[in-house]
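One letter stands for each residue in the lines below.
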Amino acid sequence: MKIGIIGTRGIPNYYGGFEECAQQIATRMASRGHQVIVYNSHSHPYQQKDFEGVEIIHKYDPEHRIGTAGQFIYDLNCILDARWRNFDAILMLGYTSSSIWQRLIPHKSAIITNMDGLEWKRSKYSPRVQRFLKRAEKWAANGSHVLIADSVEIQNYLNKKYKNQVIFIPYGAEKFKSANPNILEKYGVDPGEYNLVIARLEPENNLETILGGIQKSKSPKVTLVVGNHETSYGEYLKSTFKDSRIRFIKATYKKENIYNLRYFSHIFFHGHSVGGTNPSLLEAMGCSSMICAHDNPFNREVLGDDATYFLDVNDVANAADLLERNDIQIQKIKNNIGKLNNRYNWDLVSEQYELVFQQAAI
């Protein structure tokens, strides 16, 4: 098969969940003999034309010059190129900036769209943008042959709203096996003596609840907040939660650093509340993290009983004060790693995508 993947900044992954998904699926598809093309931003750090058997096509992306509007132009450039590639199947990862070009997508190809989370629910967006995102979701759904949901909750939502075939395929993750405590030196922390938050600093990720709970707790442990804090909301958080136990750390895409921070943390606080299966959560599970997650159906679907949950600052404070890595918590960690082997596994995920591509292209 000839497969195109559109909707990410590109591979190898230097950015986030969709990029990791594209990399993991594309390389596995290529190793099975499929011709796979991934579209990369022209400014992507990787400028080669091939990555592990996957063909890379760089397209102009003006996001660095004009901001978010540049994503729409980048997607248009990718879609226009795809029109003459004669793909058997095109995987669209997300729809936020591509759905307005739906009529230009080459519908002789099977269009498979990963619908991501409930983007229109994100509180960072104005009501006007939220209305646009609802329309964009509809455009993407109506213009696709198959919809992919990365969680059962999202699948149920899409099944109720649209007539398309909706298939549940989660993300994957791997067990982290390269622990290196020396990585912690640059962050000024010791193994097991700090808590960790890794997230986009946005309201729906419950940063205020987590940091308010840390302030209220009696625990002397430092909490590292890793994310882009040089934003208006980041500045608000820094000015509101002035506590020597809270340190804001610039976001890093170096996997070695992020994975070791997760692995050696005391508690990994996961506040995501909008969307499906969160890749960062799966990676924390693979890093043997002791997890305290926001209590919502998406996180419950992944973690089940193998985590501690919070809804308010008191829950966070209690977790910070009382959670210890005892036999019960160690068993929960082992259970979460087992889920990566049996469900959230990139080999299984890529096999499911391959089957969808083959069936949709018939």
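Before any of the text, the structure's been laid out above.
Residues numbered from 1 in each chain as written. Predicted model: local features only at pLDDT ≥ 70, side-chain atom pairs only at ≥ 80, totals over all residues. Heavy atoms only, no water.

Time to look at the packing of helix α6 (residues 207-216) against helix α11 (residues 313-322). One can describe the packing of α6 onto α11 by two numbers: an axis separation of 7 Å at closest approach and a directional angle of 55 degrees. Between α6 and α11, the crossing angle belongs to the class labelled oblique. Along this stretch, α6 crosses α11, giving a crossing that reads as right-handed. Where α6 approaches α11, its residues Thr209, Ile210, Gly212, Gly213, Ile214 and Lys216 are matched on the opposing element by Val313, Asn314, Val316, Ala317 and Ala320. Looking at the contact of α6 with α11 residue by residue, the class counts come to six nonpolar, four polar and one charged. (Axes fitted to C-alpha atoms, helices over the stretch in contact; angles between N-to-C directions. Helix = DSSP H or I, 4+ residues; strand = E, 2+ residues; numbered from the N terminus. Parallel < 35°, antiparallel > 145°, perpendicular 65-115°, else oblique. Left-handed = near helix turned anticlockwise from the far one by under 90°. Contact = heavy atoms within 4.5 Å. Nonpolar A, V, L, I, M, F, W, Y, C, P; charged D, E, K, R; others polar.)

A word on the nonpolar core. One finds Ile5, Ile112, Leu224 and Tyr353 to be the most contacted residues of the largest nonpolar core, which totals 62 residues. Once residues lying within four places of it in the same chain are set aside, the contact partners of isoleucine 5 are Ala22, Ala26, Val36, Ile37, Val38, Tyr39, Leu91 and Leu93. Core analysis: the next-biggest nonpolar cluster, separate from the first, contains 24 residues, Leu207, Phe248, Cys292 and Ile337 among them. (Core = buried A, V, L, I, M, F, W, Y, C linked by side-chain atoms within 4.5 Å. Buried < 20%, exposed > 50% of the residue type's maximum accessible area, 1.4 Å probe, protein only.)

This paragraph deals with the environment of glycine 338. Its place among the elements puts glycine 338 in helix α12 (residues 327-342). Judged by relative accessible area, which is 21%, glycine 338 ranks as partly exposed. With 304 residues separating them in the primary sequence, glycine 338 and histidine 34 have C-alpha atoms 30 Å apart.

Another aspect to go through is the sheet that holds strand β12 (residues 268-270). One open sheet holds the six strands; their spatial order is β11-β10-β9-β12-β13-β14, and the pairing between them is parallel. Edge strands, defined here as strands with exactly one partner in the open sheet, are β11 (246-249) and β14 (308-310). If you compare each strand with its neighbour and ignore which way they point, the axes differ by 25 degrees on average. Where strand β9 (residues 194-198) meets β12, two bridges bridge the pair, whose relative direction is parallel. In the sheet register, valine 197 faces β12, and the bridge partner there is phenylalanine 269. (Pairing = 2+ DSSP bridges.)

Right, let's talk about the packing of aromatic side chains for a bit. Tallied over the full model, the rule gives nine aromatic pairs. Each residue in the set Phe176, Tyr259, Tyr263 and Phe264 is aromatic and connected to the rest through ring pairs, giving one cluster. Sitting above the plane of the phenylalanine 87 ring, lysine 2 keeps its charged end 5.6 Å from the centroid. Of note, arginine 9 hangs over the ring of tyrosine 15, and the distance from its end group to the ring centre comes to 5.3 Å. (Phe/Tyr/Trp six-rings, centres within 6.5 Å; stacked < 30°, edge-to-face > 60°. Lys NZ or Arg CZ within 6 Å of the ring centre and 35° of its normal.)

The next subject is helix α5 (residues 152-161). Turning to α5, its buried residues are Ile154, Gln155, Tyr157 and Leu158. Seen end-on, α5 carries its buried residues on one side only, within an arc spanning 165 degrees. As for α5, its buried residues are in contact with α4 (127-142), β7 (146-149), β8 (165-168) and α10 (297-303). (Arc of directions from axis to C-beta.)

Our next topic: the environment of glycine 271. Mapping glycine 271 onto the fold places it in the loop between β12 and α9 (279-286). For glycine 271, a relative accessible area of 5% corresponds to the buried category. Apart from the residues within four sequence positions on either side, glycine 271 is in contact with Glu204, Asn205, Asn206, Ile210, His294 and Phe310.

This part takes up the state of the cysteines. What the rule picks out here adds up to zero disulfides. Of all cysteine sulfurs in the structure, the one in cysteine 21 sits closest to cysteine 78, which takes part in no disulfide; the separation is 16 Å. Take cysteine 78: its relative accessible area is 1%, and that puts it in the buried class. The cysteine cysteine 292 is free of any disulfide, with cysteine 287 supplying the nearest cysteine sulfur at 17 Å. Its relative accessible area of 0% is what places cysteine 292 among the buried residues. (Disulfide = S-S within 2.5 Å.)

On to the sheet that holds strand β3 (residues 50-51). Reading across the sheet, the eight strands line up as β3-β4-β2-β1-β5-β6-β7-β8 and stay open at both edges, with mixed pairing between neighbours. For this open sheet the edge positions go to β3 and β8, each flanked by a neighbour on one side alone. Strand direction decides the pairing type here: strand β1 (residues 2-6) and strand β2 (residues 35-41), joined by four bridges, are parallel. Pairing of lysine 2 across the sheet is with glutamine 35, part of β2.

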